[in-house]
Amino acid sequence: MSYVNTIRMFVRVYELGSMSGAARDQRTSPAVASARISELEKHLGVRLFNRTTRSLQPTENGRIFYEGAVRILEAIEDAESAVMDVTQNPRGTIFVAAPLGIGRRFIAPHVPTFKDLYPQIEVRLRLSDRGVDVVSEGIDVAFHLGILEDSTLKVRLIADCHRILCAAPDYIARRGMPTDGAALLRDRHDCLNLRYPGAKEFQWTLTTPEGPRRFEISGPYESDDGDVLTQWALSGRGIVMKPQFEVADHLRAGTLVPVAVATPPIAVQLSSLSQHRRLKDPKVRLFTDYMAAKIKEELRRAIDG
């Protein structure tokens, strides 16, 4: 298996363009990663990367070897998957990414029960509201809440999620009740926005009689953590746009109230994203099926109370 691990390391160095990044991805040290690449180059008798203090670029031989190395790893994964299907004994590690709110509420609580069912599967869960690159970051399953763009990834729709604009009653008492998106701009309402490096939704897309329209909202507060925005809204600091399931309890309790109801936000989709070949892996299919069922159940419970 050592040669397979060396090939896997080479592929990650090639894809990430970084020895240290590949080392972190493979849970080892940069020194080990560098040693494996050097051993591979010695074995092949060619240089695979041109190294300087500031960059690492594949040589022509490196590009050629990468194509074959990817096919080798895919063949090994297919063979392992076939054996796992036959033995019904899935094992290995799954790398999972999810937004903070989705991950905390709907995925993390069910990882231990999934582990109890399949003790030889390890789950590495990464939670962040920033966008992730499924391919370059080596993610097996990424849960996504938003409007999906065209993608070469395999997309599995889990649920349509309605969103709502809401604010605390004391904010409304102080600033007034906006009836629609135009009022948000006209009356210069404080809007709490989710922003992080690479974020694309710097405006709110609302449903108007003429169809979806983007409103250039603004406000003194922004964060890359959606739960922080909810807390600011609860403290009367402004208007927040949230999936209904995230604020359903607050709406029922009256600590948040709907605003601008004449122009509601467009719905978003909660989906799972994977590379097509990863879905052939039984452990990835099992995890995706298990979490999709749990998420649907939790969503219904959150909305219905």
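Please read these numbers as outputs of a predicted model, since none were measured by experiment.

Considering the overall build of the chain
Working step 1: A tally of helices and strands in the chain yields 11 helices and 14 strands.
Working step 2: Summarising its shape, the C-alpha atoms of the chain cover approximately 75 × 45 × 35 Å along the three principal directions.
Working step 3: Split into buried and exposed, the 305 residues of the chain put 43% on the buried side.
Working step 4: Looking at the chain alone, contacts between residues at least 24 apart form 74% of all its contacts between residues at least 6 apart.
Working step 5: Of the side-chain charges in the chain, 41 are positive and 38 negative, and the distance between the mean point of each set is 3 Å.

What to know about the packing of aromatic side chains
Given two aromatic rings, one states the distance between the centres and the angle between the planes to describe the pair.
Working step 1: Throughout the structure, instances matching the rule amount to 9 aromatic pairs.
Working step 2: A ring pair is formed by Phe10 and Tyr14, whose centres lie 6.2 Å apart and whose planes are at 50°; its orientation type is tilted. With Phe10 and Tyr14 both in helix H1 (residues 2–16) and 4 residues apart, this pair spans about one turn of that helix.
Working step 3: Phe10 sits in the buried class, given a relative accessible area of 0%.
Working step 4: Measuring from centroid to centroid gives 5.1 Å for Phe10 and Phe65, while their planes differ by 70°, and the two rings are edge-to-face. Taken as a pair, Phe10 in helix H1 and Phe65 in helix H4 (residues 60–87) lie far apart in primary sequence, 55 residues in all. Each of the two residues, Phe10 as well as Phe65, counts as buried.
Working step 5: Through a chain of ring-to-ring contacts, the aromatic side chains of Phe10, Tyr14, Phe49, Phe65 and Tyr66 assemble into a single cluster.

Structural notes on the domain arrangement of the chain
Many analyses report the size of an interface as the accessible area lost when the parts associate.
Working step 1: You can read the domains of the chain as domain 1 (1–85), domain 2 (89–160 + 269–304) and domain 3 (163–266).
Working step 2: The gap between the C-alpha centroids of domain 2 and domain 3 is 27 Å.
Working step 3: If you look at the interface, domain 2 gives 16 residues, while domain 3 gives 14 residues.
Working step 4: Both faces considered, domain 2 and domain 3 share a buried interface measuring about 1200 Å² in area, 54% of it formed by carbon and sulfur atoms.
Working step 5: Contact with domain 3 buries area across many residues of domain 2, yet Arg105, Asp129 and Ile303 alone supply 39% of it, more than any other trio.
Working step 6: Seen at the junction of domain 2 and domain 3, the total is 3 salt bridges.
Working step 7: Its salt-bridge partner being Arg104, residue Asp227 comes within 2.8 Å of it at the nearest N-O pair.
Working step 8: Across the domain 2-domain 3 interface, the total number found is 4 residue pairs in polar contact (both at pLDDT 80 or more).
Working step 9: Of all elements in the fold, only helix H5 (100–107) and helix H11 (282–304) reach the threshold of two or more residues within the side of domain 2 that touches domain 3.
Working step 10: Top element by residues in the side of domain 2 that touches domain 3 is H5. It accounts for 6 residues.
Working step 11: When its residues are assigned to classes, the side of domain 2 that touches domain 3 shows 8 nonpolar, 2 polar and 6 charged.

Re unusual backbone geometry
Working step 1: Of note, the phi angle at Arg188 is positive, near 50°, even though the residue is not glycine.
Working step 2: Within the secondary structure layout, Arg188 lies in the loop between helix H8 (181–186) and strand S8 (191–194).
Working step 3: Here Ala260, not a glycine, exhibits a phi torsion of approximately 50°, which is positive.
Working step 4: Here Ala260 shows up in the loop between strand S13 (257–258) and strand S14 (268–274).

Focus: the nonpolar core
Working step 1: Ile107, Phe143, Phe287 and Ile295 are the most contacted members of the largest nonpolar core, which has 26 residues in total.
Working step 2: Mapped onto this core, the elements with two or more residues apiece are strand S3 (92–98), H5, helix H6 (111–117), strand S4 (121–127), strand S5 (141–146), strand S6 (154–161), S14 and H11.
Working step 3: Element by element, the count of residues in this core is highest for H11, at 8 residues.
Working step 4: When sequence neighbours within four positions are dropped, the list of residues in contact with Ile295 reads Phe106, Ile107, Phe143, Ile158 and Leu270.
Working step 5: Judged by nonpolar contacts, the second largest core, of 20 residues, contains Val4, Met19, Leu48 and Ala69.

A word on the environment of Val46
Working step 1: Here Val46 lies in the loop between helix H3 (30–44) and strand S1 (49–51).
Working step 2: Among the residues examined, Val46 registers a relative accessible area of 29% and is labelled partly exposed.
Working step 3: Apart from residues no more than four positions distant in its own chain, Val46 is found in contact with Glu41 and Asn61.

Parameters and conventions
- Residues numbered from 1 in each chain as written.
- Predicted model: local features only at pLDDT ≥ 70, side-chain atom pairs only at ≥ 80, totals over all residues.
- Heavy atoms only, no water.
- Helix = DSSP H or I, 4+ residues; strand = E, 2+ residues; numbered from the N terminus.
- Buried < 20%, exposed > 50% of the residue type's maximum accessible area, 1.4 Å probe, protein only.
- Contact = heavy atoms within 4.5 Å.
- Lys, Arg positive; Asp, Glu negative; His and termini not counted.
- Charge placed at Lys NZ, Arg CZ, Asp CG, Glu CD.
- Phe/Tyr/Trp six-rings, centres within 6.5 Å; stacked < 30°, edge-to-face > 60°.
- Domains from an automatic or database assignment.
- Buried area = accessible area lost by both parts, 1.4 Å probe.
- Salt bridge = Lys/Arg side-chain N within 4 Å of Asp/Glu carboxyl O.
- Polar contact = N/O pair within 3.5 Å; in protein donor to acceptor, adjacent residues only side chain to side chain.
- Nonpolar A, V, L, I, M, F, W, Y, C, P; charged D, E, K, R; others polar.
- Core = buried A, V, L, I, M, F, W, Y, C linked by side-chain atoms within 4.5 Å.

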